[in-house]
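Per-entry structural report
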Amino acid sequence: MRHTCLFFHAHPDDEALLTAGTMARLAGAGHRVVLVLATAGERGLAPRDLQGRGLGTVRREEAHASARILGCARVAFLGYADSGHAPGPAAARGGTRPFAAADVEEAAGRLADLLTEERADLLTVYDPAGGYGHPDHVQVHRVGYRAARMAGTPVVLEATVDRTLLLRGLRAASWVHRFPPQFDRDSFRTAYGARSEITHRVPVKRHWRAKRASLAAHLSQARGGDSERTLAALGRLPGPAFRQVMGTEWYIQRGLPAGTLHRDPLATLPDARATAPSR
């Protein structure tokens with residue numbers, strides 16, 4: 001049976017890092033994959049050679065390029081502004097409300113309209129911490145769950161990372177890589193998902209080339225700023241190392257029995273599509 005899977009992310013390049021392998025896997029199996037982005041990521045780190053174009057315009061183009069590589073049938077933007085990393089309430093800029101400060105009901109309504117239009121079977125969001133705590137990522141969690149309830153979307157998966165493996169990887173990386181002074185490795189002790197919470201461990205090694213090309217499509221975020229960028233570091237990994245490091249993607253589905261661990265992102269879909277309730 002062909003299913004529609006909607007991947008909801010905060011900024012362009014988030015899909016490449018967290019869910020690109022799953023997206024390529026599902027699209028390759030004939031399912032309809034839709035990428036929805038809350039913002040254009042215009043407050044990311046900007047390279048010096050934008051040639052007069054705004055960063056948001058560049059990152060929109062990069063998102064579409066990444067989506068084509070992954071086999072997405074559609075890319076949609078909710079139209080909110082990138083909130084940036086600054087703590088505290090985000091202020092409106094240029095008449096566009098930052099996503100982190102958006103009314104949850106309003107934003108969820110926009111997303112629910114897409115879920116209903118697409119008759120989506122599966123929605124991905126982030127874990128409650130928003131992974132590493134970016135305010136737009138935390139908002140993806142809140143808005144995504146509310147939208148799924150509005151639209152009657154049967155399965156919601158929280159895209160995350162196995163925290164145990166992440167901390168182990170950071171320790172190993174510190175032996176060969178000098179992190180910038182502002183990098184706080186200890187902050188990751190509460191980031192992403194605990195291993196005991198993870199319900200889906202999806203193997204995506206077969207799709208490593210698509211995932212790597214998706215990362216490479218976000219060229220602006222590999223070159224922006226003065227410090228080493230995650231995208232650039234991952235892009236330099238040899239093929240076998242990339243397959244090993246990026247060959248698994250993790251998700252949490254709330255409400256499943258303790259100890260549940262699926263390899264298929266569609267494993268918990270009901271046999272029949274639920275009827276969407278009225279709002």
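Treat the numbers as computed from the prediction; the structure is a model and nothing was measured.

So, on to the sheet that holds strand 5 (residues 155–160). Taken in spatial order, the 7 strands line up as 3-2-1-4-5-7-6 in an open sheet, and their pairing is mixed. The open sheet is flanked by strand 3 (74–80) and strand 6 (200–203), the only strands paired with a single partner. Pairwise comparison of adjacent strand axes, ignoring direction, gives a mean angle of 30° for this sheet. Judged from the 5 bridges that link them, strand 2 (residues 32–39) and strand 3 form a sheet pairing that is parallel. Counterpart to leucine 37 in the pairing with strand 3 is phenylalanine 77. Contacts between helix 3 (residues 55–70) and the sheet are confined to strand 2 and strand 3, with strand 3 contributing the most and set at about 150° to the helix. Each of strand 1 (4–9), strand 2, strand 4 (122–126) and strand 5 is contacted by helix 6 (residues 135–151), which is oriented at about 150° to strand 4, the strand it contacts most.

If you look at the biggest cluster of nonpolar residues, it comprises 62 residues, and the most contacted ones within it are Leu6, Phe8, Val36, Phe99, Leu111 and Leu115. The greatest single-element share of this core, amounting to 7 residues, is contributed by helix 6. Leucine 111 has contacts with Leu6, Phe8, Val36, Leu78, Val143, Gly144 and Ala147, leaving out every residue within four places of it along the chain. Counting 7 residues, the second largest nonpolar core, distinct from the first, contains Ala16, Leu234, Phe242 and Met246.

What follows concerns the packing of aromatic side chains. Scanning all chains against the criterion turns up 3 aromatic pairs. Between phenylalanine 8 and phenylalanine 99, the ring centres sit 6.3 Å apart and the planes meet at 85°, which makes this aromatic pair edge-to-face. With a gap of 91 residues between them, phenylalanine 8 in strand 1 and phenylalanine 99 in the loop between strand 3 and helix 4 (104–118) connect regions that are remote in the sequence. When sorted by exposure, phenylalanine 8 lands in the same class as phenylalanine 99, which is buried. What links up through ring pairs into an aromatic cluster is the set Phe8, Tyr80 and Phe99. Taking NZ or CZ as reference, arginine 60 lies 4.2 Å from the ring centre of phenylalanine 77, over its face. Here the basic side chain of arginine 212 rests over the ring of phenylalanine 242, its NZ or CZ set 5.4 Å away from the ring centre.

Our focus in this paragraph is the side chain of serine 66. Within the element layout of this structure, serine 66 appears in helix 3. Apart from the residues lying within four places of it in its own chain, the contact partners of serine 66 are Glu15, Ser214, Ala217 and His218.

The next thing to look at is the pattern of salt bridges. Pairing is possible between side chains that carry opposite charge, provided their charged atoms lie close to one another. In total, this model carries 11 salt bridges according to the counting rule given. Residues glutamate 158 and arginine 254 are paired through a salt bridge, measuring 2.9 Å at the closest nitrogen-oxygen approach. Placement of the pair is glutamate 158 in strand 5 and arginine 254 in the segment after strand 7 (248–252), with a sequence separation of 96 residues. Relative accessible area serves as the criterion here: at 38%, arginine 254 is assigned to the partly exposed category. In this structure, lysine 211 engages glutamate 249 in a salt bridge whose closest nitrogen and oxygen atoms are separated by 2.7 Å. With lysine 211 in helix 8 (residues 208–217) and glutamate 249 in strand 7, this residue pair connects regions lying 38 residues apart in the sequence. For the pair lysine 211 and glutamate 249, one class covers both residues: buried.

Calculation criteria
Residues numbered from 1 in each chain as written. Predicted model: local features only at pLDDT ≥ 70, side-chain atom pairs only at ≥ 80, totals over all residues. Heavy atoms only, no water. Pairing = 2+ DSSP bridges. Helix = DSSP H or I, 4+ residues; strand = E, 2+ residues; numbered from the N terminus. Axes fitted to C-alpha atoms, helices over the stretch in contact; angles between N-to-C directions. Contact = heavy atoms within 4.5 Å. Core = buried A, V, L, I, M, F, W, Y, C linked by side-chain atoms within 4.5 Å. Buried < 20%, exposed > 50% of the residue type's maximum accessible area, 1.4 Å probe, protein only. Phe/Tyr/Trp six-rings, centres within 6.5 Å; stacked < 30°, edge-to-face > 60°. Lys NZ or Arg CZ within 6 Å of the ring centre and 35° of its normal. Salt bridge = Lys/Arg side-chain N within 4 Å of Asp/Glu carboxyl O.

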